[in-house]
Amino acid sequence: EDQVTQSPEALRLQEGESSSLNCSYTVSGLRGLFWYRQDPGKGPEFLFTLYSAGEEKEKERLKATLTKKESFLHITAPKPEDSATYLCAIQGGSQGNLIFGKGTKLSVKP
Amino acid sequence: DAGVIQSPRHEVTEMGQEVTLRCKPISGHNSLFWYRQTMMRGLELLIYFNNNVPIDDSGMPEDRFSAKMPNASFSTLKIQPSEPRDSAVYFCASSSGEDGYTFGSGTRLTVV
């Protein structure tokens, strides 16, 4: 069964304190791994798609990496506006839909 | 583009009543997805359509739930009769098959 596990569930950082969020997955034939950001009261907002092990993508203070078993979302020198829940999702070879993890709630204090 | 539009934003209803949630996908997107989000279970896929045809409805919890997509610009999710355990945020998302899905702002459903 395709599955996504995110850790930690919650993460508190001081402004400027870099860290990483983890997304472990099991899937039959990965078509893509997706990262989303969700703010309270809003729908998830697309950040990145990674397709193969070794691939990396960056956007401002965020960098996503992918291995055959997990993905990391690295946050460099975070700011309070980076506070949100970050969701990881996979798309398997036989499916058109995304399977989501439960997310990591990130809080960045000034 | 106005993005994926969902209505209503909030719905409070009594147990046993019928509830209809609405979604307008992004023009040109050929796939539409209905998800439900709760604290306990996170985001769960209920059903998805490709070119207006239901492809996978295995996530629809019970016969009380039904979804339709009569044309490329409109979809509904209906719950009849509603129960308190149906309380959740329901999201609609659409995709063109390229990177990612675009989600709507969701409908927060409360069944009392």
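The structure contained in this document is the topic of the report that follows. (Residues numbered from 1 in each chain as written. Chains lettered and ligands numbered in written order. Predicted model: local features only at pLDDT ≥ 70, side-chain atom pairs only at ≥ 80, totals over all residues. Heavy atoms only, no water.)

## Quick look at the sheet that holds strand β3 (residues 19–26) of chain A
Residues and elements named next belong to chain A.
Thinking step 1. Here we have 5 strands laid out as an open sheet, ordered β1-β3-β8-β7-β6, and antiparallel in their pairing. With one partner strand each, in any of the chains shown, β1 (3–7) and β6 (56–59) form the two edges of the open sheet. Across the sheet, the mean angle from the axis of one strand to that of its neighbour is 15°, orientation sign disregarded.
Thinking step 2. Relative to strand β8 (residues 70–75), β3 runs antiparallel, the two being bridged by 6 bridges. (Pairing = 2+ DSSP bridges. Helix = DSSP H or I, 4+ residues; strand = E, 2+ residues; numbered from the N terminus. Axes fitted to C-alpha atoms, helices over the stretch in contact; angles between N-to-C directions.)

## Some details on the sheet that holds strand β3 (residues 19–24) of chain B
Across a sheet, strands are paired by hydrogen bonds formed along the backbone, either parallel or antiparallel in direction.
Residue and element names in this part refer to chain B.
Thinking step 1. The sheet built from 4 strands is open, its strands ordered β1-β3-β8-β7 with antiparallel pairing. Looking at the sheet topology across the chains shown, the edges are occupied by β1 (5–7) and β7 (65–71). On average, each strand axis in the sheet is tilted by 15° relative to the strand beside it, whichever way the strands run.
Thinking step 2. Pairing of β7 with strand β8 (residues 74–79) involves 5 bridges; the strand directions are antiparallel.

## Regarding the interface of chain B and chain A
Thinking step 1. Taken together, the 17 residues of chain B in the interface contact 18 residues of chain A.
Thinking step 2. A combined buried area of about 1,300 Å² lies between chain B and chain A, and 51% of that area is made up of carbon and sulfur atoms.
Thinking step 3. The largest share of the area that chain B buries against chain A comes from B:Leu43, B:Asp99 and B:Tyr101, three residues that together contribute 37% of it.
Thinking step 4. Linking chain B to chain A there are 0 salt bridges.
Thinking step 5. On the surface where chain B and chain A come into contact, there are 6 residue pairs in polar contact (both at pLDDT 80 or more).
Thinking step 6. Elements with a minimum of two residues in the side of chain B that touches chain A: β4 (31–38) and β5 (42–50) of chain B.
Thinking step 7. In terms of residue class, the side of chain B that touches chain A is built from 9 nonpolar, 4 polar and 4 charged. (Contact = heavy atoms within 4.5 Å. Buried area = accessible area lost by both parts, 1.4 Å probe. Salt bridge = Lys/Arg side-chain N within 4 Å of Asp/Glu carboxyl O. Polar contact = N/O pair within 3.5 Å; in protein donor to acceptor, adjacent residues only side chain to side chain. Nonpolar A, V, L, I, M, F, W, Y, C, P; charged D, E, K, R; others polar.)

## Some points on the pairing of β6(A)
Thinking step 1. Here β6(A) pairs with strand β7 (residues 62–66) of chain A via 4 bridges, running antiparallel. Paired with A:Glu56 across the bridge in β7(A) is A:Thr65.

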